[in-house]
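Residues per chain are reported as follows:
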Amino acid sequence: MSVLEGYRVLDLSIAMSGPFAAARLGDLGADVIKVEPTTGEWQRHVSAGGAVGNRINVSFLSLNRNKRSIAVNLKDPEGREAVLELAKNADVFLQNYRPGVAERLGVDYESIRAVNPEIVYVSISGYGETGPYAHRPGQDLLLQGMSGFMKSAGRAGDPSHPAPLYVVDAVTASTAFEAVLAGLLHKERTGEGQLITVNMLDAIIAFQLQEMSIFTKGGVEAARTDEPHAHVYIRAPYGAFETADREIVLAFPELPLLGRLLDIPELLDMDSERDGHERRDEVFRLVAARLKERGAQEWLDLFDSHGVWAGPVYGYPDVPGDPQVRHNGSLLTYEHPTEGTVTTPGFPIKFSRTPSALRHPTPLVGQHSREVLREAGLSHEKIDAMLASGSISTEQ
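Below you will find a few notes about this structure.

Calculation notes
- Residues numbered from 1 in each chain as written.
- Predicted model: local features only at pLDDT ≥ 70, side-chain atom pairs only at ≥ 80, totals over all residues.
- Heavy atoms only, no water.
- Helix = DSSP H or I, 4+ residues; strand = E, 2+ residues; numbered from the N terminus.
- Buried < 20%, exposed > 50% of the residue type's maximum accessible area, 1.4 Å probe, protein only.
- Contact = heavy atoms within 4.5 Å.
- Areas by Shrake-Rupley, 256 points an atom, 1.4 Å probe, with all protein chains shown as cover.
- Lys, Arg positive; Asp, Glu negative; His and termini not counted.
- Charge placed at Lys NZ, Arg CZ, Asp CG, Glu CD.
- Salt bridge = Lys/Arg side-chain N within 4 Å of Asp/Glu carboxyl O.
- Phe/Tyr/Trp six-rings, centres within 6.5 Å; stacked < 30°, edge-to-face > 60°.
- Lys NZ or Arg CZ within 6 Å of the ring centre and 35° of its normal.
- Right-handed = clockwise from strand over helix to strand, strands pointing away.
- Pairing = 2+ DSSP bridges.
- Axes fitted to C-alpha atoms, helices over the stretch in contact; angles between N-to-C directions.
- Core = buried A, V, L, I, M, F, W, Y, C linked by side-chain atoms within 4.5 Å.
- Arc of directions from axis to C-beta.

### Structural notes on the overall build of the protein
Move 1: Looking only at helices and strands, the protein has 17 helices and 12 strands in total.
Move 2: Summarising its shape, the C-alpha atoms of the protein cover approximately 85 × 45 × 40 Å along the three principal directions.
Move 3: Residues counted as buried form 46% of the 396 residues belonging to the protein.
Move 4: When contacts within the protein are restricted to residue pairs at least 6 apart in sequence, those whose partners lie at least 24 apart make up 68%.
Move 5: In the form shown here, the protein has an accessible surface area of approximately 19,700 Å², with 54% of it arising from carbon and sulfur atoms.
Move 6: Taking the average location of the 38 positive side-chain charges in the protein and that of its 53 negative ones, the two points are 3 Å from each other.

### Here we look at the pattern of salt bridges
A side chain of one charge can pair with a side chain of the opposite charge when the charged atoms of the two come close.
Move 1: Going through the model one piece at a time under the given rule, you end up with 26 salt bridges.
Move 2: Its salt-bridge partner being K88, residue E85 comes within 3.2 Å of it at the nearest N-O pair.
Move 3: Owing to a relative accessible area of 29%, E85 belongs among the partly exposed residues under this scheme.
Move 4: Residue R274 pairs with D275 through a salt bridge whose shortest N-O separation is 3.4 Å.
Move 5: Given a relative accessible area of 43%, R274 falls into the partly exposed group.
Move 6: Salt bridges here are not isolated pairs; linked through shared partners, they connect R8, D31, R68, E371 and E375.

### Comments concerning unusual backbone geometry
Move 1: The residue after A236, namely P237, is reached through a cis peptide bond having omega -5°.
Move 2: One non-glycine residue, N66, lies in positive phi territory at about 55°.
Move 3: Relative to the helices and strands, N66 resides in the loop between α2 (58–63) and β3 (67–72).
Move 4: Overall, N66 belongs to the buried group, its relative accessible area being 0%.
Move 5: Here D263, not a glycine, exhibits a phi torsion of approximately 55°, which is positive.
Move 6: Tracing the backbone through its elements, the reader meets D263 in the loop between α10 (255–262) and α11 (265–268).
Move 7: Look at D263 and you get exposed, because its relative accessible area is 57%.

### Some points on the packing of aromatic side chains
Move 1: A full pass over the atoms with the stated rule returns seven aromatic pairs.
Move 2: Aromatic side chains F252 and W309 sit 5.4 Å apart centroid to centroid with 70° between the ring planes, which places their arrangement in the edge-to-face category. Residue F252 is located in the loop between β8 (247–251) and α10, and its partner W309 is located in the loop between α14 (296–305) and β9 (310–312); the two are separated by 57 residues in the primary sequence.
Move 3: A relative accessible area of 26% means that F252 is categorised as partly exposed.
Move 4: Sitting above the plane of the F177 ring, R24 keeps its charged end 4.1 Å from the centroid.
Move 5: Across from the ring centre of Y133, 3.7 Å away, lies the NZ or CZ of R136, which sits over that ring.

### Quick notes on the pairing of strand β1 (residues 8–11)
Looking down a regular strand, the side chains alternate between one sheet face and the other.
Move 1: Where burial is concerned, the two faces of β1 agree: the one with R8 and L10 and the one with V9 and D11 are both buried.
Move 2: Handedness of the crossover is the feature at issue here: the chain leaves β1, passes through helix α1 (residues 17–27), returns alongside strand β2 (residues 31–36), and the resulting connection is right-handed.
Move 3: Strand direction decides the pairing type here: β1 and strand β4 (residues 92–95), joined by three bridges, are parallel. Bridging from a neighbouring strand, L10 pairs with F93 of β4.

### Describing the side chain of R24
Move 1: Along the polypeptide, R24 turns up in helix α1.
Move 2: In this structure, R24 is buried with no salt-bridge partner, the nearest side chain bearing the opposite charge being D27 at 6.1 Å.
Move 3: In this structure R24 touches S174, F177, P348 and I349, once residues within four positions along its chain are discounted.

### A look at the sheet that holds β8
Move 1: Pairing is antiparallel in the open sheet, where three strands are placed in the order β7-β8-β9. Bordering the open sheet on either side are β7 (238–242) and β9, each of which pairs with just one other strand. Along the sheet, successive strands turn relative to each other by an average axial angle of 25°, direction set aside.
Move 2: As judged from the five bridges shared by β7 and β8, these two strands associate in the antiparallel manner. Its bridge partner lying in β8, E242 is registered against E247.

### Examining the nonpolar core
Move 1: Counting residues in each nonpolar core, the largest one holds 29 residues, and the members touching the most others are L10, L12, I70, F93, V107 and I112.
Move 2: Beyond its immediate chain neighbours, meaning those up to four positions away, V107 contacts L12, L74, V83, F93, Y97, A102, I112 and Y121.

### Considerations on α14
Move 1: The set of residues buried in α14 consists of A296, W299, L300 and F303. Viewed end-on, α14 has its buried residues packed into an arc of 100°, placing them on one side of the element.
Move 2: Buried-residue contacts for α14 involve β8, α10, α13 (280–291) and β9.
Move 3: With its phi angle positive at about 70°, G307 sits one or two positions after the end of α14.

### Some words on the environment of F207
Move 1: Tracing the backbone through its elements, the reader meets F207 in the loop between α8 (200–206) and α9 (209–216).
Move 2: On the basis of relative accessibility, which here comes to 56%, the residue F207 falls in the exposed class.
Move 3: Put simply, F207 and T175 are 32 residues apart on the chain and 9.6 Å apart in space, counted from C-alpha to C-alpha.

### Description of the sheet that holds β3
Move 1: With respect to topology, seven strands assemble into an open sheet ordered β6-β5-β4-β1-β2-β3-β12, the strand pairing being mixed. The open sheet has two edge strands with one neighbour each: β6 (194–199) and β12 (392–393).
Move 2: Pairing analysis gives two bridges linking β3 to β12, with the strands arranged antiparallel. If you follow A71 over to β12, its bridge partner there is S393.
Move 3: Each of β1, β2, β3 and β4 touches helix α3 (residues 77–87); the most contacted strand, β1, lies at about 155° to it.

On their own, these measurements won't tell you what the molecule is for.
Printed below as a string of structure tokens:
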């Protein structure tokens, strides 16, 4: 038995933040019903990185495991009624439409609460449900730009540097996942459902709890200098450095110790805290010049033997073969009926008694429409009629 076995989630979300959150709920055992348009969710038709797949592109494949798909036309009265019927026995309703869309489709909180007062309804938006930016597109890079962190690394005078992953989407997904669990706990204790709202702007700002407070409370501005330091609020040396053969990362060692290990006399009398900040560029240049003289593994062995925090810089081809990654089982490999062998990030939380598991590979559009609607009590004849009218669709 998994942690969330017996709970049902209706996932009406699109793109990344909502589907990622719902997939994690599915990993914990929830019965996640992906309610998507009859032509398929938007992400099915957008191939991130050009990885198109056979019948399911890799982007969609990665975000929608452990779900069953029902394909419904919400603009059709019968389609909307089918979703309301499903909502009667659901525990969680998750959507990330732009503000106002759920109301127009008749699946807003009040409409769902009318058929299920105990529902935990989670609405994800880009900037909030109301306010001057409520109707702006909540796209990851736009939120990165607004959040402040793009000026926290790199060289002064260089363009701001976006994160090389969809960090705002991922943080928002984790926030929504946390919100669902808290909502379910409250429901278990009190029998009450509720509306929970999560937005990308607040999620990425909250993620910077420490950095933002250094500025707002400590009054220290995030000022970049001439060398490509990895974080303006952490003392040097802190960043990626070239060696004779490949890059390594080095994280703020004590400067006198580093001076001895690297034979850099200028570091021996420096104060790690004061000079690590005030003489950041000088420290970076001294360390960078020395590290180029030997290979990465030689330096890493030396640093490890003296308790200095350092490590390799991997590309994606390097990650699967790392001994710790293999030991942890960080990657999950399984067979998909249309996409073949799939290797993807696995389950980051390990439970001794209620382990996560892959129960459903990512579904085709409407693959489970018949199955789910029969469970909701609709007759075979009714389902056939809805298929004929276009209210729902099945596997495409």
